[in-house]
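Here is how the chains run, residue by residue.
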Amino acid sequence: MTTIDAVSQPVRTVPGVSLDVVLGPMKSGKSLSLISMLSPLQFTRVRHRVYQSERHVRDTGVTSRSGGALVTTKVTSLREALAEPLEVVAVDEVHMFDVDDVAVIEQLLARGTRVVVAGIDLDHRGELFATVRALLELGPDTVSYRRAVCDRCRDFSATHTQVLRSGEPFLEHLGGSEALPDDGTFSYEARCRSCFVRPAR
Ligand SMILES: Nc1ncnc2c1ncn2[C@@H]1O[C@H](COP(=O)(O)OP(=O)(O)O)[C@@H](O)[C@H]1O
Ligand SMILES: Cc1cn([C@H]2C[C@H](O)[C@@H](COP(=O)(O)O)O2)c(=O)[nH]c1=O
């Protein structure tokens with residue numbers, strides 16, 4: 001059995017192919033999950049690497065607001081992961097990668113690499129990121145949907161991330177996996193379905 005409880009179980013190193021996906025809005029504990037799953041590997045001989053997109057400028061590694069960190073390799077494309085014989089590959093902020101990078105994940109799975117992926121599923125307009133759609137089309141072994149506390153009504157049911165510019169919902173249409181910087185240009189609130197402001201249809 002190669003599946004894992006994506007919240008609390010470390011990645012197992014038993015033989016087998018599997019893809020585990022952790023999705024949810026900002027502040028929902030995706031980084032916390034990755035850290036709890038991947039951190040034990042540094043004490044093993046398992047060849048592993050955690051990748052983040054160069055588009056992610058907030059920090060240099062996976063860091064959780066609750067504490068904890070993972071060393072990451074920043075890349076423009078996941079193709080680099082094919083260059084070495086890794087047994088476990090983790091991808092953080094997958095929504096910042098391109099749809100083509102999902103084909104790399106497929107190749108890794110085909111060679112027997114264990115892959116764990118985390119990222120936001122729904123963008124600032126409440127739409128599924130194309131990269132996440134392609135990832136789900138691979139048929140992951142597990143998908144863990146995490147929830148945050150809604151920063152408006154305080155219900156523990158936030159599914160969305162409201163992006164605010166000068167305090168107002170930012171709803172402009174952006175291209176593909178264009179990343180929004182977390183450098184103070186925008187502020188981010190976890191919101192439940194009722195409190196999330198969508199673009200007019
Ligand atoms: N609105 C919120 N909802 C839930 N947790 C929050 C919220 N704001 C801050 N936190 C803190 O953030 C932690 C999760 O942060 P993090 O692992 O960085 O999440 P993510 O990677 O999904 O953005 C929680 O354990 C909690 O301590
Ligand atoms: C909603 C949304 C967010 N982003 C960016 C902003 C942050 O840098 C990351 C998410 O960080 P997390 O706390 O680790 O979840 O994603 C984005 O690029 N596009 C969006 O729509």
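Conventions we followed
- Starting from 1, residues in each chain are numbered consecutively following that chain's sequence as written.
- Chain letters and ligand numbers both follow the written order, the letters beginning at A and the numbers at 1.
- Totals for whole chains, interfaces and linings use every residue, but because this is a predicted model, local features are given only for residues with pLDDT of at least 70 and side-chain atom pairs only at 80 or more, for both listing and counting.
- Computation of side-chain values covers all heavy atoms of the structure but excludes hydrogens and water.
- Any residue with a heavy atom positioned within 4 Å of a molecule or strand is treated as near that molecule or strand.
- By the criterion applied in these results, polar contacts are pairs of N or O atoms within 3.5 Å in which, for protein atoms, one can donate a hydrogen and the other can accept it, and in which residues neighboring in sequence qualify only through two side-chain atoms.
- For every accessible area listed, the method is Shrake-Rupley and the probe measures 1.4 Å; residues are considered covered only by the protein chains on display.
- Here a cavity means grid points, on a 1 Å grid over the protein atoms only, where a 1.4 Å probe fits yet cannot get out; a pocket means an open set of points with protein on both sides within 12 Å along at least five of seven lines; lining residues are those with an atom within 4 Å of a point.
- Molecule-in-pocket calls rest on the fraction of atoms, with more than half required to lie within 2 Å of the cavity or pocket grid points.
- Three classes are used, and their members are as follows: Ala, Val, Leu, Ile, Met, Phe, Trp, Tyr, Cys and Pro are nonpolar, Asp, Glu, Lys and Arg are charged, and the others, Gly among them, are polar.

Draft legend 1. Region of interest: the site of ligand 1. Neighbouring residues of ligand 1: 14 residues in total, closest Ser31, Ser64, Arg65, Ser66 and Val149. Backbone polar atom of Val149 to a nitrogen atom of ligand 1: 2.8 Å apart, as the coordinates give it. Surface burial for ligand 1 is 76%, taken as the share of its 580 Å² of free accessible area covered by protein chains. In a pocket analysis with a 2 Å cut-off to the grid points, ligand 1 is assigned to the largest pocket. When its residues are assigned to classes, the shell around ligand 1 shows five nonpolar, five polar and four charged.

Draft legend 2. Examining the site of ligand 2 more closely. Contacts to ligand 2 come from 18 residues, most closely from Lys30, Glu93, His95, His124 and Leu180. Contact distances for ligand 2 include 3.1 Å between an oxygen atom and a side-chain N or O atom of Arg58. The fraction of the free accessible surface of ligand 2 (500 Å²) that becomes covered by protein chains is 98%. If you map ligand 2 onto the pockets, it falls in the largest pocket. Across the shell around ligand 2, the residue classes tally to eight nonpolar, four polar and six charged.

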